[in-house]
2 protein chains.
Amino acid sequence: MELEQLCKEVLERIKPSPAERERLESLTKKLLARVNRACKKLGVPARGVLVGSAARGTWLRFERDIDIFILFPEEVPREELERRGLEVAREVMGERGKEQYAEHPYLSAELEGFQVDLVPCYDIEDPSKIKSAVDRTPHHNRYIRSRLTPELAEQVLLLKQFMHGVGIYGAELRVRGFSGYLCELLTLYHGSFLGVIGSAKGWRPGVVVDLEGAYPDPSEARGLFRGEPLVVIDPVDSNRNAAAAVSMQNFAIFVRACQDFLRKPSPRFFFPRLPPLWGPRRLEEELKRRGTTLLCISFTPPKVVPDILYPQLRKAERTLRSKLERAGFGVLRSDVWSNGFAALLLELSVGRLPRVEPRLGPPISVGVGGFVDKHREKKIAGPFVDESGRLRFEVERKLRTAKQVVKLTLLEGHGLGKHVAESISQGHTIYQGRQILKLCRDEGFARFLTEYLTRCLPWYRG
Amino acid sequence: MELEQLCKEVLERIKPSPAERERLESLTKKLLARVNRACKKLGVPARGVLVGSAARGTWLRFERDIDIFILFPEEVPREELERRGLEVAREVMGERGKEQYAEHPYLSAELEGFQVDLVPCYDIEDPSKIKSAVDRTPHHNRYIRSRLTPELAEQVLLLKQFMHGVGIYGAELRVRGFSGYLCELLTLYHGSFLGVIGSAKGWRPGVVVDLEGAYPDPSEARGLFRGEPLVVIDPVDSNRNAAAAVSMQNFAIFVRACQDFLRKPSPRFFFPRLPPLWGPRRLEEELKRRGTTLLCISFTPPKVVPDILYPQLRKAERTLRSKLERAGFGVLRSDVWSNGFAALLLELSVGRLPRVEPRLGPPISVGVGGFVDKHREKKIAGPFVDESGRLRFEVERKLRTAKQVVKLTLLEGHGLGKHVAESISQGHTIYQGRQILKLCRDEGFARFLTEYLTRCLPWYRG
């Protein structure tokens, strides 16, 4: 399909209609007025400001977020900002407002079909002197609004929908992908959606995008953000990487998506087929067909926000993987999930190893007294010298099954993340093989397991 | 035990008695006379010379070898040397002489309880101009005889018995250990048995022993014999390493033995306990206890000398190991054996792997069209991107059992060694697990299997 034509057709599907736009505008106007009225009524020296994609005309039809920030002057002490900011928000939202917590507490509610956040923050002139990350948002807002023409805003919509379609949209730690702001910056820099795609198809880890030329020498920026696959210097704060959330995995997915899209453009990159949802019989068949050993640890997730929960789940996953690998169990793949309950999924080539386990001694230049004394009593064979000249024992393996390794790791509780470790210590179940199907009574988990078993880049789904 | 006292006691047990010495001397005298008489009778311009340990007074009580070389002048053409040399040997040994083959053909027979070899070779003045390796032996003989005092000869006996006791005596390719000549050279260099042991306890791979100072710069010698763990410059030919046969494994065994012997001297280093011989029930128990997957390939060995057979058996062993490892099967240990039949033994952690197998794509900087096209059809899952950013498929494993991998490798027949490959192609059997016990009707194999399962450095045997 011709690229320009494809983009036009996609845009028609994702751009909000005039009616939708009007509904959003009338609601935001109403909310801003209510915020300002509440400030006046409560004697709070603050004012409401619309930020985010709604403020910039870069919201997708399916995005229904309205972010209103309540700006306080710098002099207000933090404790007062938090308390009075919440009072204002409560006055606007009433009982419907649910308290959330980022760096400050804020209120959130669903109003007229939109997800509305009322977030108190400081109005600070110099963005390098902000007191918390939310204070940066109004600066982002100003930067984008002053540069984004309506034509460019449409290009942003295409890029955001592309990110969404290939499964990497969102900077939250559950996703570790590309934020809306990052999409806006990339579009500004490259001038169009296809400009971004055409450049990104050749990206290597460590690429630097520097809109304001803050680093005349890009290797300086690379050094500053070493290890981050994508470096996009934040125009309002050159010490910040606006793409810091993007994981290596999602960076690579984006680059591959750009390569594949340009080779064979298709609406699938924007609107992919969803993974199927298999019933228990089909799932059981597939588990059997793979012939691997699946283990799933389920437990009640700690009551923390996803940005705290997911890094801990991934930390627990990494710890379990490395303990299993060190015990001789090759981990084929693993994943984490949380909704009604939390799940750590581990897939092993083999779930049981033989009793005998080799123990390699020190190289020839080192004495072996300690090594021999340590193993001599409980040996199965040895000491002998192998072909490479190293001393060896064969001893009795302590943990013969992967399940035993997992059990012990969870019991010890190290390297699982603070809250997750606590939750696991309060109770957990280890399911193996087809026992895991019991968890599939939860449809969300069944979806997760089906997606895991049929894992595929979205645009390749048949 | 006090070292000097220990050595004295050992010497008493290993040194031939005067009566034994007399028997050897009278037999050699008789044989030499017969060789010279045969030469005269057949008009052959050659003469007999006693070489080897019998000639130097360095033979151990249990060694009953007499090597007599039939020396021809340089001018005799090779074809004539081979033909007429055999005629002389046949005249001496009659029908009892069995034809053997090293670089020249020679005759071998058991006479009066001794293993006698009659070997034709050239009498060449300059050892760097010899025509084949056997021509070097008379030079070795002269070198050692002119330097070895009776006291030093006793020290050689101790070192040879020590090598024998720790299981590394003999330069033949079945053993890859220390030859008698090498023991003589080491003793000459270090002045005594304990001198050798005290030096060797600190050896590192690449150590150089240069009796005649042929290489003022030892790094030159190291460079010349790179990769050989022990370099002992042959005094009669400085381009030759007299320790070339010593494998890394046996080098390390010797160094460890020296360390352990000096820490805790014991007759065990000279007279170790033999490995046990287990019956089928005990063997079966042990196979079960280990919990590994044992495979044994048995076939009729090719009719070649051990120095040709063993390198080929080891080559086949290496090829099978690497094929198994590449197919995902971890090889715990392996060994080869040959007597009435030949056997390749392979021990695996796991004999069966799951159907699903990961396939890693190229790094991000490389296009993936070919990789995707190749795997897309027969995939189980994928393509997806893993945490490291690499593209992956999960495909159906072709060979799910180690036995299938072995079967295919033997069928293809590459990398097994010429004669062994031929023998295997004419017929072989693959035994798995307790089926291997069938082979134990052969006591030699049962001994081999018991030793394999109880493998231990000889001086550690309980």
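**Looking at the packing of helix H12 (residues 306-326) of chain A against helix H15 (residues 418-425) of chain A**
All names here are of chain A.
And then number 1: Where H12 contacts H15, the axes come no closer than 8 Å and their chain directions differ by 70 degrees. Taken together, the axis directions place H12 and H15 in an arrangement best described as roughly perpendicular. When H12 is examined against H15, the residues Ile308, Leu309, Gln312, Leu313 and Ala316 are found in contact with a partner set consisting of Lys418, His419 and Val420.
And then number 2: When grouped by side-chain class, the residues that make up the contact of H12 with H15 number 5 nonpolar, 2 polar and 1 charged.

**Observations concerning the pattern of salt bridges**
And then number 1: Per the stated rule, a full pass over the model turns up 62 salt bridges over all chains.
And then number 2: As a salt-bridge pair, Asp260 of chain A and Arg263 of chain A come within 3.0 Å of each other at their nearest N and O atoms. Pair noted here: Asp260 of chain A and Arg263 of chain A are both in helix H10 (residues 248-263), with a separation of 3 residues, about one helical turn.
And then number 3: The class of Asp260 of chain A is buried, set by a relative accessible area of 6%.
And then number 4: Residue classification places Arg263 of chain A among the exposed residues on the basis of a relative accessible area of 52%.
And then number 5: One salt bridge in this structure joins Glu357 of chain B and Arg397 of chain B, with 3.7 Å as the shortest N-O distance. Of the two residues, Glu357 of chain B sits in strand S12 (residues 356-360) while Arg397 of chain B sits in the loop between strand S14 (391-396) and helix H14 (402-412), which places them 40 residues apart along the sequence.
And then number 6: Given the relative accessible area of 14%, Glu357 of chain B is considered buried.
And then number 7: Residue classification places Arg397 of chain B among the buried residues on the basis of a relative accessible area of 8%.
And then number 8: Through salt bridges with shared partners, one network takes in Glu79, Arg83, Arg84 and Glu87 of chain A.

**Focus on the nonpolar core**
And then number 1: By size, the foremost hydrophobic cluster in this structure holds 62 residues, and its most contacted members are Phe162, Phe178, Trp203, Val232 and Phe254 of chain B.
And then number 2: Not counting residues within four places of it along the chain, the set of residues in contact with Phe254 of chain B comprises Leu159, Phe162, Met163, Ile168, Phe178, Val196, Ile197, Ala200 and Trp203 of chain B.
And then number 3: Counting 61 residues, the second largest nonpolar core, distinct from the first, contains Leu158 and Leu186 of chain A together with Leu391 and Val395 of chain B.

**As for the sheet that holds strand S11 (residues 342-348) of chain A**
All names here are of chain A.
And then number 1: Strand order in this open sheet of 4 strands is S10-S11-S9-S15, and the pairing throughout is antiparallel. Whereas interior strands pair on both sides, the edge strands pair on one side only; in this sheet they are strand S10 (331-338) and strand S15 (429-432). Strand-to-strand, the axes of this sheet are offset by a mean angle of 15 degrees, without reference to chain direction.
And then number 2: By the bridge criterion, 7 bridges tie S10 to S11 in an arrangement that is antiparallel. Bridge pairing in S11 links Ser338 to Ala342.

**Remarks on the confidence of the model for chain A**
And then number 1: In the predicted model, chain A carries a mean pLDDT of 94, and 99% of its residues have values of at least 70.
And then number 2: For this predicted complex, the interface confidence score (ipTM) comes to 0.91, while the overall pTM stands at 0.88.

**Here's the deal with the interface of chain B and chain A**
Where the parts come together, the accessible area they lose is often given as the size of the interface.
And then number 1: Between chain B and chain A, the contact holds 59 residues from the first and 59 residues from the second.
And then number 2: Note on chain B versus chain A: buried area summed over both sides is about 4700 Å², and carbon and sulfur give 57% of it.
And then number 3: In terms of surface lost to chain A, no three residues of chain B exceed Arg256, Ile364 and Tyr460 of chain B, which account for 15% of the buried area on that side.
And then number 4: Linking chain B with chain A are 4 salt bridges.
And then number 5: Of the charged contacts, one joins Glu394 of chain A and Arg290 of chain B as a salt bridge, the two residues approaching to 2.6 Å between their closest N and O atoms.
And then number 6: Summed over the shared surface of chain B and chain A, the result is 18 residue pairs in polar contact (both at pLDDT 80 or more).
And then number 7: Residue assignment for the side of chain B that touches chain A shows that the elements contributing at least two residues are helix H10 (248-263), helix H11 (280-290), strand S10 (331-338), S12, helix H13 (369-376), strand S13 (379-385) and S14 of chain B.
And then number 8: Ranked by residues supplied to the side of chain B that touches chain A, first place goes to H10 of chain B with 9 residues.
And then number 9: The residue inventory of the side of chain B that touches chain A, partitioned by class, reads 28 nonpolar, 12 polar and 19 charged.

**Some details on the packing of aromatic side chains**
And then number 1: Applying the stated criterion across every chain, the model contains 42 aromatic pairs over all chains.
And then number 2: Here the aromatic rings of Phe261 of chain A and Phe270 of chain A are separated by 5.8 Å at their centres, their planes lie at 85 degrees, and the arrangement is edge-to-face.
And then number 3: Residue class for Phe261 of chain A comes out buried when judged on its relative accessible area of 0%.
And then number 4: Using a relative accessible area of 1% as the deciding quantity, one classes Phe270 of chain A as buried.
And then number 5: The interplanar angle of 5 degrees and the centroid separation of 6.1 Å between the aromatic rings of Trp203 of chain B and Phe251 of chain B together place this pair among those described as stacked. You can see Trp203 of chain B sitting in the loop between helix H8 (193-200) and strand S6 (207-209) and its partner Phe251 of chain B sitting in helix H10, a full 48 residues away along the chain.
And then number 6: Three or more aromatic residues joined by ring pairs form one cluster here, namely Phe162, Phe178, Phe193, Trp203, Phe251, Phe254, Phe261, Phe269, Phe270, Phe271, Trp459 and Tyr460 of chain A.
And then number 7: The ring centre of Tyr452 of chain A lies 4.1 Å from the NZ or CZ of Arg333 of chain A, which sits over that ring.
And then number 8: It is Arg282 of chain B that lies over the ring of Trp278 of chain B; its NZ or CZ is 4.0 Å from the centre.

**Quick look at the relation of the copies chain B and chain A**
And then number 1: Between chain B and chain A, the superposition needs a rotation of 180 degrees and an axial shift of 0.0 Å, giving an RMSD of 0.1 Å. When the rotation and shift are considered jointly, the pair of chain copies conforms to a two-fold rotation axis. Among all residues of chain B, the one whose C-alpha sits closest to the rotation axis is Val350 of chain B, at a distance of 4.1 Å.
And then number 2: Of the residues that chain B buries at the interface, 100% are likewise interface residues in chain A, meaning the two copies contact each other through the same surface.

**Some remarks on the state of the cysteines**
Residues and elements named next belong to chain A.
And then number 1: Inspection of the entire model under this criterion finds 0 disulfides over all chains.
And then number 2: Not part of a disulfide, Cys7 finds its nearest cysteine sulfur in Cys258, a span of 12 Å.
And then number 3: Cys440 carries a free sulfur, and the closest cysteine sulfur to it, the one in Cys296, is 8.8 Å from it.

**As for the side chain of Arg333 of chain B**
And then number 1: Among the structural elements, Arg333 of chain B can be located in strand S10.
And then number 2: One polar contact links Arg333 of chain B to Glu394 of chain A, side chain to side chain, over a distance of 2.7 Å.
And then number 3: Excluding residues that lie within four positions of it along the chain, Arg333 of chain B makes contacts with Ala381, Phe384 and Glu394 of chain A together with Arg290, Arg321, Leu346, Glu347, Tyr452 and Arg455 of chain B.

**Here's the deal with the packing of H11 of chain B against helix H16 (residues 443-453) of chain B**
Residues and elements named next belong to chain B.
And then number 1: Contact pair H11 / H16: the axes reach a minimum separation of 11 Å and the direction vectors enclose 35 degrees. Between H11 and H16 the crossing geometry is left-handed. Every residue of H16 that contacts H11 at Leu283, Glu286, Leu287 and Arg290 is listed here: Leu449, Thr450 and Leu453.
And then number 2: For the contact of H11 with H16, the class distribution of residues is 4 nonpolar, 1 polar and 2 charged.

Definitions and limits used
Residues numbered from 1 in each chain as written. Chains lettered and ligands numbered in written order. Predicted model: local features only at pLDDT ≥ 70, side-chain atom pairs only at ≥ 80, totals over all residues. Heavy atoms only, no water. Axes fitted to C-alpha atoms, helices over the stretch in contact; angles between N-to-C directions. Helix = DSSP H or I, 4+ residues; strand = E, 2+ residues; numbered from the N terminus. Parallel < 35°, antiparallel > 145°, perpendicular 65-115°, else oblique. Contact = heavy atoms within 4.5 Å. Nonpolar A, V, L, I, M, F, W, Y, C, P; charged D, E, K, R; others polar. Salt bridge = Lys/Arg side-chain N within 4 Å of Asp/Glu carboxyl O. Buried < 20%, exposed > 50% of the residue type's maximum accessible area, 1.4 Å probe, protein only. Core = buried A, V, L, I, M, F, W, Y, C linked by side-chain atoms within 4.5 Å. Pairing = 2+ DSSP bridges. pLDDT = per-residue confidence, 0-100. Buried area = accessible area lost by both parts, 1.4 Å probe. Polar contact = N/O pair within 3.5 Å; in protein donor to acceptor, adjacent residues only side chain to side chain. Phe/Tyr/Trp six-rings, centres within 6.5 Å; stacked < 30°, edge-to-face > 60°. Lys NZ or Arg CZ within 6 Å of the ring centre and 35° of its normal. Least-squares fit on C-alpha atoms with pLDDT ≥ 70 in both. Disulfide = S-S within 2.5 Å. Left-handed = near helix turned anticlockwise from the far one by under 90°.

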